[in-house]
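Notes for the structure review
The lines below spell out each chain.
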Amino acid sequence: SSGQFKDAVKSERSALYEAADTAAKKVSKQIDMAPISKKANDIYHEVAQGRAMEGKDWLLARLKDVEPLTNEATALPQQIWNAKKDLNTWYGKIPDGVRKEFGELRKAFTDTLGQYGTKHPEFGIPYNKAEALSIALGNADKVRETIESSKLLKSLSSVWGLGGIVKGGRAVAAPTGELLNL
């Protein structure tokens, strides 16, 4: 079923991230922090000195969380990886007013790790595959939410000849139900 498939994808993603984590722990080569530091500094000045916005204090606190690392000229891959994992824990809790800025901060960490991975495939291959699976899972969730929150579900039910049977926003018919379990 789709639920089992999604669980299998999550399991594979976890294994790939674990492989990337193991590879990152073995490295003693420092990575230039300039791109991440510049992005964090730009975001800080834009937000701290900018207009009032929902989540301003929340974002400034997240910038403060990564400040010890962004104040360094270089860092170990494991340190950057750990900071990115910490940022990931905030997904689902990001205030709407700072969603763009938080995404830019996270992207600076992601891009730096991706560039490192191009030169160090023992890290880069599993890391990039796990990132791709994370994006795919997120996209599947967005598709499911869009279908559930729209009249599309009813339309799909009737187009596919499922009789348009919808109960509580969820199709009773199996094929549409499988689609929603992505």
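Check the entry above for the structure.
The structure displayed is predicted, hence computed values, not measured ones. (Residues numbered from 1 in each chain as written. Predicted model: local features only at pLDDT ≥ 70, side-chain atom pairs only at ≥ 80, totals over all residues. Heavy atoms only, no water.)

1. Some points on the side chain of Thr-70
The topology assignment puts Thr-70 in helix 3 (residues 56-70). Since its relative accessible area comes to 10%, Thr-70 is described here as buried. In this view, Thr-70 contacts Met-33, Ile-36, Ser-37, Ala-40 and Phe-109; residues no more than four positions away in its chain are not counted. (Helix = DSSP H or I, 4+ residues; strand = E, 2+ residues; numbered from the N terminus. Buried < 20%, exposed > 50% of the residue type's maximum accessible area, 1.4 Å probe, protein only. Contact = heavy atoms within 4.5 Å.)

2. Focus: the packing of helix 1 (residues 2-25) against helix 6 (residues 121-148)
Their axes nearest at 8 Å, the elements helix 1 and helix 6 cross at an angle of 150°. Classified by the angle their axes make, helix 1 and helix 6 are roughly antiparallel. Crossing of helix 1 against helix 6: the hand is left-handed. Residues Lys-6, Val-9, Lys-10, Glu-12, Arg-13, Leu-16, Tyr-17, Ala-19, Ala-20, Ala-23 and Ala-24 of helix 1 pack against Glu-122, Phe-123, Pro-126, Tyr-127, Lys-129, Ala-130, Glu-131, Leu-133, Ser-134, Leu-137 and Asp-141 of helix 6. Grouping the constituent residues of the contact of helix 1 with helix 6 by class yields 13 nonpolar, one polar and eight charged. (Axes fitted to C-alpha atoms, helices over the stretch in contact; angles between N-to-C directions. Parallel < 35°, antiparallel > 145°, perpendicular 65-115°, else oblique. Left-handed = near helix turned anticlockwise from the far one by under 90°. Nonpolar A, V, L, I, M, F, W, Y, C, P; charged D, E, K, R; others polar.)

3. What about the pattern of salt bridges?
With the rule as written, the count across this model stands at eleven salt bridges. Ionic pairing is found between Lys-100 and Glu-46, a salt bridge with its closest N-O pair at 4.0 Å. On the criterion of sequence distance, the pair formed by Lys-100 in helix 5 (residues 99-119) and Glu-46 in helix 2 (residues 34-48) is long-range, its members being 54 residues apart. One salt bridge in this structure joins Glu-104 and Lys-100, with 3.3 Å as the shortest N-O distance. A residue pair is termed a helical-turn pair when its members lie 3 or 4 positions apart in one helix, as Glu-104 and Lys-100 do in helix 5 at four residues. (Salt bridge = Lys/Arg side-chain N within 4 Å of Asp/Glu carboxyl O.)

4. Observations regarding the packing of helix 3 against helix 5
Contact geometry for helix 3 and helix 5: axes closest at 11 Å, N-to-C directions at 20°. Here helix 3 lies roughly parallel to helix 5, going by the angle between them. Like other packed secondary-structure pairs, helix 3 and helix 5 cross with a definite hand, here left-handed. Only Glu-101, Phe-102, Leu-105 and Phe-109 of helix 5 make contact with helix 3, whose side of the interface consists of Trp-58, Leu-59, Arg-62, Leu-63, Val-66, Leu-69 and Thr-70. Grouping the constituent residues of the contact of helix 3 with helix 5 by class yields eight nonpolar, one polar and two charged.

5. Re the layout of surface pockets
Estimated volume of the largest pocket: approximately 800 Å³. What lines the largest pocket is a set of 20 residues, and nearest its centre among them are Tyr-91, Arg-106, Ser-134, Ile-135 and Gly-138. Of all the secondary structure elements, the ones that give two or more residues to the lining of the largest pocket are helix 1, helix 4 (77-88), helix 5 and helix 6. The element best represented in the lining of the largest pocket is helix 6, accounting for nine residues. A breakdown of the residues in the lining of the largest pocket according to their chemical character gives five nonpolar, five polar and ten charged. (1 Å grid on protein atoms, 1.4 Å probe; cavity = no way out; pocket = protein on both sides within 12 Å on 5 of 7 lines; lining within 4 Å. Points joined across faces, edges and corners; volume = space filled by probe spheres on them.)

6. Section: the environment of Leu-133
One can find Leu-133 in helix 6. Leu-133 has contacts with Val-9, Glu-12, Arg-13 and Leu-16, leaving out every residue within four places of it along the chain.

7. Some words on the packing of aromatic side chains
Evaluated as defined, the whole model comprises eight aromatic pairs. Between the aromatic rings of Trp-58 and Trp-90, the centroid separation amounts to 5.7 Å while the plane-to-plane angle is 85°, which identifies the pairing as edge-to-face. Remark: Trp-90 occurs in the loop between helix 4 and helix 5 and Trp-58 occurs in helix 3; sequence separation between them is 32 residues. Consider the rings of Phe-123 and Tyr-127, whose centres lie 5.0 Å apart with planes at 20°: the pair is stacked. Remark: Tyr-127 and Phe-123 occur in helix 6; sequence separation between them is four residues, near one turn of the helix. Among the aromatic residues, ring-to-ring pairing joins Tyr-17, Trp-81, Tyr-116, Phe-123 and Tyr-127 into one connected group. Seen from the ring of Trp-90, Arg-62 lies directly overhead, with NZ or CZ sitting 3.8 Å from the centre. (Phe/Tyr/Trp six-rings, centres within 6.5 Å; stacked < 30°, edge-to-face > 60°. Lys NZ or Arg CZ within 6 Å of the ring centre and 35° of its normal.)

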